[in-house]
Amino acid sequence: MMKRDECFRLLARHISDEAVVATYSSAVDWVVVAPRALNYTSIGAMGLDSSHGLGLALGRPDRRVVVLQGDGSLLMNLGSLVTIAAVAPKNLVHLVAQNDTYEANGGHPIPLPSVDFAGLARAAGYAAVYDFSDLGVFAQQVAQVLEQQGPVFATLHVEPSKPLAYDYPSLYDPEKRKAFKAAWRS
């Protein structure tokens with residue numbers, strides 16, 4: 001089983017001018033690993049990271065968008081899989097960190113542990129689907145995942161993390177939103 005922050009460190013090596021959309025636990029880990037203007041975090045948007053990513057991808061088809069979503073978050077908006085697949089943005093990569101918990105809400109288990117999110121994305125019609133549980137394999141394939149025409153989906157099977165400190169004022173600082181808007185326009 002992998003650790004989310006280790007997956008994100010590997011991912012960060014391949015991120016340059018892409019927008020990275022994340023909320024809650026994924027956002028907390030990502031902004032520590034890769035603080036940058038093109039990080040899009042959204043307050044109170046559990047479940048909407050995939051929808052926000054879709055909007056950004058459709059609005060700027062010339063720019064790559066990477067969504068970092070938790071499994072609990074995706075469960076709150078499963079319809080986004082079908083919507084993303086139907087619209088088929090070629091510039092969208094959707095990564096789901098599956099730890100079988102609603103981590104941001106106290107680590108409560110999701111209703112059905114070991115949901116096959118990759119299978120759901122495949123059935124919805126994503127162009128490419130991956131399922132990673134080995135960090136070495138993810139390291140070997142992450143560049144290919146990011147470079148493929150989308151929509152691309154990958155499940156990252158990760159351990160639940162230790163309790164995270166959610167510094168919401170910093171995470172959702174209005175200056176960070178302004179910096180994102182300026183970087184996204186360029």
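A. How the structure looks around the layout of surface pockets. The volume enclosed by the largest pocket comes to roughly 220 Å³. Taken together, 16 residues make up the lining of the largest pocket; nearest its centre are N39, T41, L171, K176 and R177. When contributions to the lining of the largest pocket are tallied by element, the ones reaching two or more residues are strand 2 (39-41) and helix 9 (174-185). Among the elements that take part in the lining of the largest pocket, helix 9 stands out by supplying four residues, more than any other. When the residues that make up the lining of the largest pocket are grouped by side-chain class, the tally is nine nonpolar, three polar and four charged.

B. Structural detail: the sheet that holds strand 1 (residues 19-22). Strand order in the open sheet made by the six strands is 2-1-3-4-8-7, with parallel pairing throughout. Two strands close off the open sheet at either side, each with one partner strand: strand 2 and strand 7 (128-132). Looking at each pair of strands side by side, their axes are set apart by 15° on average, direction ignored. Note that strand 3 (residues 65-70) and strand 4 (residues 92-98) share six bridges and pair parallel. Bridge pairing in strand 4 links V66 to V93. Against the sheet, helix 3 (residues 49-59) makes contact with strand 1, strand 2, strand 3 and strand 4, and its axis sits at roughly 175° relative to strand 3, the strand it touches most.

C. The packing of aromatic side chains, seen in detail. Across all of its chains, the model carries six aromatic pairs by this definition. With centroids separated by 5.8 Å and ring planes inclined at 15°, the aromatic side chains of F180 and W184 adopt a geometry described as stacked. Of this pair, F180 and W184 both sit in helix 9, four residues apart, roughly one helical turn. When sorted by exposure, F180 lands in the same class as W184, which is buried. Taken together, Y40, F180 and W184 form an aromatic cluster joined through their ring pairs. Residue placement shows R60 over the ring face of W184; its charged tip is 5.4 Å from the ring centre. Positioned above the aromatic ring of Y40, the side-chain terminus of R177 is 4.6 Å from the ring centre.

D. Seen up close, the environment of L75. Structurally, L75 can be placed in helix 4 (residues 71-75). By relative accessible area, which is 23% here, L75 ends up partly exposed.

E. Broad picture of the pattern of salt bridges. Inspection of the entire model under this criterion finds four salt bridges. One salt bridge in this structure joins R4 and D29, with 2.7 Å as the shortest N-O distance. Linking R4 in helix 1 (residues 4-12) with D29 in helix 2 (residues 24-33), this pair joins segments that are 25 residues apart in sequence. Here the two residues R4 and D29 agree in accessibility, since each one is buried.

So, how was this worked out
- Residues numbered from 1 in each chain as written.
- Predicted model: local features only at pLDDT ≥ 70, side-chain atom pairs only at ≥ 80, totals over all residues.
- Heavy atoms only, no water.
- 1 Å grid on protein atoms, 1.4 Å probe; cavity = no way out; pocket = protein on both sides within 12 Å on 5 of 7 lines; lining within 4 Å.
- Points joined across faces, edges and corners; volume = space filled by probe spheres on them.
- Helix = DSSP H or I, 4+ residues; strand = E, 2+ residues; numbered from the N terminus.
- Nonpolar A, V, L, I, M, F, W, Y, C, P; charged D, E, K, R; others polar.
- Pairing = 2+ DSSP bridges.
- Axes fitted to C-alpha atoms, helices over the stretch in contact; angles between N-to-C directions.
- Contact = heavy atoms within 4.5 Å.
- Phe/Tyr/Trp six-rings, centres within 6.5 Å; stacked < 30°, edge-to-face > 60°.
- Buried < 20%, exposed > 50% of the residue type's maximum accessible area, 1.4 Å probe, protein only.
- Lys NZ or Arg CZ within 6 Å of the ring centre and 35° of its normal.
- Salt bridge = Lys/Arg side-chain N within 4 Å of Asp/Glu carboxyl O.

Everything listed is a geometric property; what it means functionally is a separate question.
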